[in-house]
Amino acid sequence: MRSSLKPAAGLTCLFALAVTGCSSGSTTAYAPYVSATTAYATDSAGSPSAYNLAFVISGGGGCTPKWNGTHPIGDASVKSRIARLKASGAKVRVSFGGASGKELAAACGSVSTLAAAYGAALDAAGSDLADFDIEGDRLTDAASVALRSRAIAALQKARPDLEVSFTLPVMPSGLDSGGLALLRSANEYDVQVSTVNLMTMNYGESYTGDMGDYAVTSAEAAHAQLKKVFGLSDAAAWQDMALTSMIGVNDIAGETFTLSDAARVRSFAEKKRIAWVSMWSAFRDRSCQAGESSGGDAATECSGVAQSAGAFGKAFAG
């Protein structure tokens, strides 16, 4: 995903993806997505080593970054929440984008203003980890894709220690053309990408099989793509990958990700030395109470399956 490299532990990653995963001693971390603005009792289940803060998007007034599009970047309550998350020694990764709201690359008009918006959010969180969750129409918006790549590259020149991950939708057949084009753009503009995080979820109504199997199949297909596109070794392509599943009832009818599926994904990730596993989300990691879900639809703050609170976090943590 870039042409300049950061080899680790004697291993060389050709052309792209120079990350901690290039080390033969890497282990699979657990880093759930959590609300940036609201604390939940299940946030710390599984003792995460990092938290993905969801999400920083445009505040609706142009190139102004806000947590969830509603809370100012410097909001005192959010800063207190982040401090509590870090108290255990965990890191926080600022996740930009997501499925809702206006993504900053579509709202900012220049490389410098977009890079400044990203930097402001990172500074507010005290983080050198940035995740870019790009999905839907934003994947096929060539102008915002190029602007984002240029802004991230500029930000990394000013912040050499900044680690960048891209979170992208995936199918059992692998990354789609939009996802691959985004990664090629990152490579073209010399973005140093640490990890490609695959959203192993919401495949479509024709996918009615086992969600754990689909996650593994999706990872295997994407692994082959990363090797081919970026010239990575077999081991490096695994170690530069992350997996994020939507726990419980997914947004697509008939797709339910179970605790057994979580255990299967964790075991697979450990075997392949995948960089980290995650889930959407820590605040859904509990059973639904009466009235919280209906008609098989995915609930916002519960999983929709029978479980003890925090059970998915513990399964993903291993």
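Residues numbered from 1 in each chain as written. Predicted model: local features only at pLDDT ≥ 70, side-chain atom pairs only at ≥ 80, totals over all residues. Heavy atoms only, no water.

Taking an unreviewed UniProt entry as the reference, the protein chain is identified by name as Chitinase belonging to Streptomyces anandii.

Looking now at the pairing of strand S6 (residues 91–97). Judged by how many residues are buried, S6 sits mostly within the fold: six of seven residues are covered. Judged from the six bridges that link them, strand S3 (residues 50–58) and S6 form a sheet pairing that is parallel. Across the sheet, Asn-52 pairs through a bridge with Arg-93, a residue of S6. (Buried < 20%, exposed > 50% of the residue type's maximum accessible area, 1.4 Å probe, protein only. Helix = DSSP H or I, 4+ residues; strand = E, 2+ residues; numbered from the N terminus. Pairing = 2+ DSSP bridges.)

With that settled, the discussion passes to the environment of Gly-174. With respect to the helices and strands, Gly-174 occurs in the loop between strand S8 (163–169) and helix H5 (177–188). The buried category is assigned to Gly-174, whose relative accessible area is 3%. Along the chain, Gly-174 and Ser-303 lie 129 residues apart, while their C-alpha atoms are 26 Å from each other. Apart from residues no more than four positions distant in its own chain, Gly-174 is found in contact with Ser-218, Ala-221, Ala-222 and Gln-225. (Contact = heavy atoms within 4.5 Å.)

Enumeration over the complete set of coordinates arrives at 16 aromatic pairs. Between the aromatic rings of Tyr-40 and Phe-283, the centroid separation amounts to 5.3 Å while the plane-to-plane angle is 35 degrees, which identifies the pairing as tilted. With Tyr-40 in the loop between strand S2 (33–35) and S3 and Phe-283 in the loop between strand S13 (276–280) and helix H9 (311–317), this residue pair connects regions lying 243 residues apart in the sequence. Each residue in the set Tyr-33, Tyr-40, Phe-55, Trp-280 and Phe-283 is aromatic and connected to the rest through ring pairs, giving one cluster. Across from the ring centre of Trp-276, 4.3 Å away, lies the NZ or CZ of Arg-93, which sits over that ring. (Phe/Tyr/Trp six-rings, centres within 6.5 Å; stacked < 30°, edge-to-face > 60°. Lys NZ or Arg CZ within 6 Å of the ring centre and 35° of its normal.)

Before going further, it helps to examine the state of the cysteines. Summed over all chains, the structure comprises two disulfides. With a sulfur-sulfur separation of 1.9 Å, Cys-63 is cross-linked through a disulfide to Cys-108. Sign of the S-S torsion, about 85 degrees for the bond between Cys-63 and Cys-108, identifies this disulfide as right-handed. Of this pair, Cys-63 sits in the loop between S3 and strand S4 (65–67) while Cys-108 sits in the loop between helix H2 (104–107) and helix H3 (111–125); the two residues are 45 residues apart in sequence, bridging distant segments of the chain. Using a relative accessible area of 25% as the deciding quantity, one classes Cys-63 as partly exposed. Each disulfide pairs two cysteine sulfurs, and for Cys-288 the partner residue is Cys-302, the sulfurs being separated by 2.0 Å. Judged by the torsion about the S-S bond (95 degrees), the Cys-288/Cys-302 disulfide is right-handed. Taken together, the residues span a long stretch of sequence, with Cys-288 in the loop between S13 and H9 and Cys-302 in the loop between S13 and H9 at a distance of 14 residues. Note on Cys-302: relative accessible area 1%, which makes it buried. (Disulfide = S-S within 2.5 Å.)

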